[in-house]
Amino acid sequence: MDHCQNDFRRSRSALNEYFLDAGKILRYLIGNDEKLDTLIICNPYRQRFVTTDQEVYHALGSVKEYDTFRLNRLSKLFEAVSVRTVARKQLLTDDTVDKLRADALRE
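Computed from a prediction, not measured in an experiment: that's the story for all the values here. Along each chain, residue indices are assigned from 1 in the same order as the chain's sequence is written. Restriction of local features to residues with pLDDT of at least 70 applies here, the model being predicted, together with a cutoff of 80 or more for giving and counting side-chain atom pairs; totals for whole chains, interfaces and linings are based on all residues. Only heavy atoms go into the side-chain values, all of them from the structure, while hydrogens and water stay out.

### A short note on the packing of helix 2 (residues 22-30) against helix 4 (residues 53-61)
To keep things clear, this is the line we draw: Think of each axis as a best-fit line through the C-alpha atoms, taken over the contacting stretch in the case of a helix, with angles from 0 to 180 degrees between the N-to-C directions. Only DSSP runs of H or I covering at least 4 residues are called helices, and only runs of E covering at least 2 are called strands; the numbering of each starts at the N terminus. Any angle from 65 to 115 degrees is called roughly perpendicular, while one under 35 is roughly parallel, one over 145 is roughly antiparallel, and all others are oblique. Note: crossing handedness is left-handed where the near helix turns anticlockwise from the far helix by less than a right angle, and right-handed where it turns clockwise. Any two residues having at least one pair of non-hydrogen atoms within 4.5 Å are treated as being in contact. Ten residue types, Ala, Val, Leu, Ile, Met, Phe, Trp, Tyr, Cys and Pro, are classed as nonpolar, four, Asp, Glu, Lys and Arg, as charged, and the remainder, Gly among them, as polar.
At a minimum axis separation of 8 Å, helix 2 and helix 4 run at an interaxial angle of 45°. Classed by the angle they form, the pair helix 2 and helix 4 counts as oblique. As for the relative orientation of helix 2 and helix 4, their crossing is right-handed in sense. Residue-level contacts link Ala22, Ile25, Leu26 and Leu29 of helix 2 to Glu55, Val56, His58, Ala59 and Leu60 of helix 4. In terms of residue class, the contact of helix 2 with helix 4 is built from seven nonpolar, one polar and one charged.

Now the structure itself:
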């Protein structure tokens, strides 16, 4: 019986996994999305946040010098999110940055 409970917990935690793509990370770091901020900072639903180093790289590479970049948010991101490594990285181009910023920062 205890084995079944462990299997239930494992499958339930997989359902509670939330993937943060580069757009969400960028919005969290420089945007004003209170819902996303609360989700990551407070984690009210006790979710397991995951992302990849590729997504973090694209988000950080999309920050512009005129953005209000909050370094403390980056620290909290690494505290709250499990970062998985991707073997092959995709190049971050200006077009990718423009598209990412447009999607992440639209109101």
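Now that the structure is up, let's keep going.
### Comments concerning the pairing of strand 2 (residues 48-52)
Rules: Relative accessibility under 20% of the residue-type maximum defines a buried residue, over 50% an exposed one, and the middle range a partly exposed one, all with a 1.4 Å probe and only protein chains included. If DSSP finds at least two bridges between two strands, the strands pair.
The buried fraction of strand 2 amounts to four of the five residues, a majority that puts the element mostly inside the structure. Across three bridges, the pairing between strand 1 (residues 17-19) and strand 2 is parallel. Bridge pairing in strand 2 places Glu17 opposite Arg48. One ladder, built from four bridges, connects strand 2 with strand 3 (residues 81-84); its direction is parallel.

### As for the packing of helix 2 against helix 5 (residues 71-80)
Between helix 2 and helix 5, the least distance of the axes is 8 Å, while the angle of their chain directions is 135°. What the angle tells us is that helix 2 and helix 5 run oblique. Along its contact with helix 2, which presents Ile25, Tyr28 and Leu29, the element helix 5 presents Arg73, Leu74, Lys76 and Leu77. Considered class by class, the residues forming the contact of helix 2 with helix 5 number five nonpolar, no polar and two charged.

### Brief notes about the pattern of salt bridges
Here is the rule: Only one rule defines a salt bridge in this text: a Lys or Arg side-chain nitrogen within 4 Å of an Asp or Glu carboxyl oxygen.
The full count for this structure, using the stated rule, is ten salt bridges. With its nearest N and O atoms 2.8 Å apart, the salt bridge here joins Lys89 to Asp53. Highlighted residues: Lys89 in the loop between strand 3 and helix 6 (94-105) and Asp53 in helix 4, separated in sequence by 36 residues. For Arg101, the salt bridge identified is with Asp67, shortest N-O distance 2.7 Å. Of this pair, Arg101 sits in helix 6 while Asp67 sits in the loop between helix 4 and helix 5, placing them 34 residues apart in sequence. There is no split in this pair, since Arg101 and Asp67 are both buried. Where salt bridges share partners, they join Glu17, Arg48 and Arg84 into one cluster.

### Notes on the confidence of the model for the chain
Note: predicted coordinates in regions of low pLDDT should not be interpreted at a detailed level. Condition: Confidence scores per residue from the predictor, reported as pLDDT, run from 0 to 100.
In this model, the chain carries a mean pLDDT of 86, and residues with pLDDT of at least 70 account for 85%. Note that pLDDT drops below 50 for residues 1-12; the model gives that stretch zero contacts with residues more than four away or on any other chain.

### Side note on the side chain of His58
In this fold, His58 is placed in helix 4. For His58, a relative accessible area of 10% translates into the label buried. Non-local contacts of His58, meaning those with residues more than four positions away in its chain, are made with Ala22, Gln90, Leu91, Leu92, Thr96 and Leu100.

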